[in-house]
Structure formats: C-alpha cells, structure tokens
Amino acid sequence: MIHEYHGDLEAEKSVKRKTLSDVEIVEEAHYFFEKFKGLIVDLIFDFRQRNEIRNFFLSLEAIDAFRVIEVELNFIYDVLFTKNDCGELLLGLCISIDLFSSRSCCRNPLLPLG
C-alpha cells in the first residue's frame, strides 16, 4: 500500500492564501469541471491529478474554494439535468417558425366570425 505524503503542517500554515476574482472562479471551476467529468462515469484519478486538485484548494481561502465548487456543481447540474440538445433546439425552432408563419397567414381564429 502506498502511504500518502502529508507534508509539513507547519510549512502549510505559513503559506499565504490567495483570493480569486469572479472571472477566475468561473475559469477554475470550468477547468476542474472538465477534469471531474470522468468521475461521473466512474473513471478514477491518478495521484498526480489528485495532488494538483488538492494543492489548488489548499492554496485558496475557504470562501473562494466553496465558490469554485459551487460553480463547478452548477456546470455538472447543467450537463446532467438540462435537455437543451442542439438537435432538439433546432427542431423546436423550426416548428415554432412554421406554426407562427402559418398562423400569421391565416385569419385570427380567436376573432368571432361575422
């Protein structure tokens, strides 16, 4: 079994934590979202990827780390639970244009006859 290296805890405490702007939070969240997509389909990380992600989150202020995770989870939600497929979108757009054009050419069915 390979034991995890925890590093020097005293050295980690003295590290200056960085803060991120809103744009940087979205960029980092998208970067890690692309990495975490594999976890959704049961792929695993190697130790290098795990350490990269761990070191990144350890270097952040707690509030920024939670904001990155929040945006990342929003990306995952959009992928898993929204169904705006391009094909469906194009088909729906064509049907809407067809229905609108056929209604606009005809007499308004809501007006009474006579």
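Above this text sits the structure in question.
Numbers given for residues are sequential positions, taken from 1 along each chain in its written order. The predicted nature of this model means local features are confined to residues of pLDDT at least 70 and side-chain atom pairs, given and counted, to a pLDDT of 80 or more, with totals for whole chains, interfaces and linings taken over all residues. The basis for every side-chain value is the complete set of non-hydrogen atoms in the structure, without hydrogens or water.

### Side note on a nonpolar patch on the surface
Okay, step 1: On the surface, Ile40, Val41, Leu43, Tyr77, Val79, Leu80 and Phe81 cluster together into a nonpolar patch covering about 720 Å² of accessible area.
Okay, step 2: Numbering of helices and strands starts at the N terminus; helices are DSSP runs of H or I of at least 4 residues and strands are runs of E of at least 2. At 4 residues, the largest contribution of residues to the nonpolar patch is made by helix H4 (residues 62–81).
Okay, step 3: Mapped onto the elements, Leu43 comes out in the loop between helix H2 (22–40) and helix H3 (47–58).
Okay, step 4: For every residue, the accessible area (1.4 Å probe, protein chains only) is compared with the maximum for its type, and the residue is labelled buried under 20%, exposed over 50%, or partly exposed between those bounds. You can call Leu43 exposed: its relative accessible area is 53%. To count toward a patch, a residue needs a relative accessible area over 30% and no salt bridge; like charges are then connected within 9 Å, while nonpolar side chains (Val, Leu, Ile, Met, Phe, Trp, Tyr) are connected within 5 Å. Note that accessible areas follow from Shrake-Rupley with a 1.4 Å probe, and for residues the cover is restricted to the protein chains shown. Any carboxyl oxygen of Asp or Glu that lies within 4 Å of a side-chain nitrogen of Lys or Arg is treated as forming a salt bridge with it.

### Here's the deal with H2
Okay, step 1: Here H2 is 19 residues long and its end C-alpha atoms lie 26 Å apart, about the 27 Å a rise of 1.5 Å per residue gives.
Okay, step 2: Note that the bend at a residue is defined as the angle between axes fitted to the seven residues ending at it and the seven residues starting at it. Of all bends in H2, the biggest is about 35°, found at Glu34.
Okay, step 3: Listed in full, the buried residues belonging to H2 are Ile25, Ala29, Phe32, Phe33, Phe36 and Gly38.
Okay, step 4: Contact between two residues is taken to exist if any of their heavy atoms lie within 4.5 Å; hydrogens are not considered. Among the structural elements, H3 and H4 are those in contact with the buried residues of H2. A helix is expected to span 1.5 Å multiplied by its residue count minus one.

### Some words on the nonpolar core
Okay, step 1: With 12 residues, the main nonpolar core is built from Leu20, Ile25, Ala29, Phe32, Phe36, Ile53, Phe56, Phe57, Leu60, Ala65, Val68 and Val71.
Okay, step 2: Of all the elements in the fold, those that place two or more residues in this core are H2, H3 and H4.
Okay, step 3: Looking at this core element by element, the count peaks at 4 residues for H2.
Okay, step 4: Leave out the neighbours within four places in its chain, and Leu20 touches Ile25, Glu28, Phe56, Leu60, Asp64, Arg67 and Val68. Among buried residues, those of type Ala, Val, Leu, Ile, Met, Phe, Trp, Tyr and Cys that are joined through side-chain atoms within 4.5 Å constitute a nonpolar core.

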